[in-house]
Amino acid sequence: VAELELPSGSWGEEASGCMRAIYDAVVRELEGECASHGIPIEMVAPAIKHRCDEIEEKEAKAMDAGGRMVGGGRGYTNDGGGTRSSRERALAAAERRRARDRCQEKNEEC
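Just so it is clear, the model here is predicted, and its values are computed rather than measured.

Rules and cut-offs
Residues numbered from 1 in each chain as written. Predicted model: local features only at pLDDT ≥ 70, side-chain atom pairs only at ≥ 80, totals over all residues. Heavy atoms only, no water. pLDDT = per-residue confidence, 0-100. Contact = heavy atoms within 4.5 Å. Salt bridge = Lys/Arg side-chain N within 4 Å of Asp/Glu carboxyl O. Helix = DSSP H or I, 4+ residues; strand = E, 2+ residues; numbered from the N terminus. Buried < 20%, exposed > 50% of the residue type's maximum accessible area, 1.4 Å probe, protein only.

Enquirer: Explain the confidence of the model for the protein chain to me, using residue names and the numbers behind them.
Expert: In this model, the protein chain carries an average pLDDT of 76, and 66% of its residues clear a pLDDT of 70 or more. Contacts from residues 6-10, a stretch scored under 50 in pLDDT, to residues over four places away or in other chains number 12 contacts.

Enquirer: Describe the pattern of salt bridges, naming the residues involved and giving the relevant values.
Expert: Think of it this way: side chains of opposite charge can pair up when their charged atoms draw near. Applying the stated rule across the entire model yields four salt bridges. With its nearest N and O atoms 2.6 Å apart, the salt bridge here joins Asp53 to Lys49. Of this pair, Asp53 and Lys49 both sit in helix H2 (residues 41-64), separated by four residues, roughly a single helical turn. Here the two residues Asp53 and Lys49 agree in accessibility, since each one is buried. The closest approach of N and O atoms between Asp101 and Arg100, which form a salt bridge, is 3.4 Å.

As structure tokens, this is what we get:
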């Protein structure tokens, strides 16, 4: 895929790698589709960049309002685990799988 020059706009330092990767993946995927319809990808790329900017702005506002970034690493879970570390969550998941497997081996309802 030829490197397209991005339309003007700001990509935050923190999100730029992620948003750039998303932009590149979408452009790469659409390049073939556009070619089959005779549409130059350069006509579509600015709209993709614009949408990436919108998403970035929305996420920045959510962070400013006290939200948290996906994958932010604060350790919150929806299973009542509070602020457990990644290691603690992984160990708990392994224990649940082990208990489930034992029940299945014994053909019991758990």
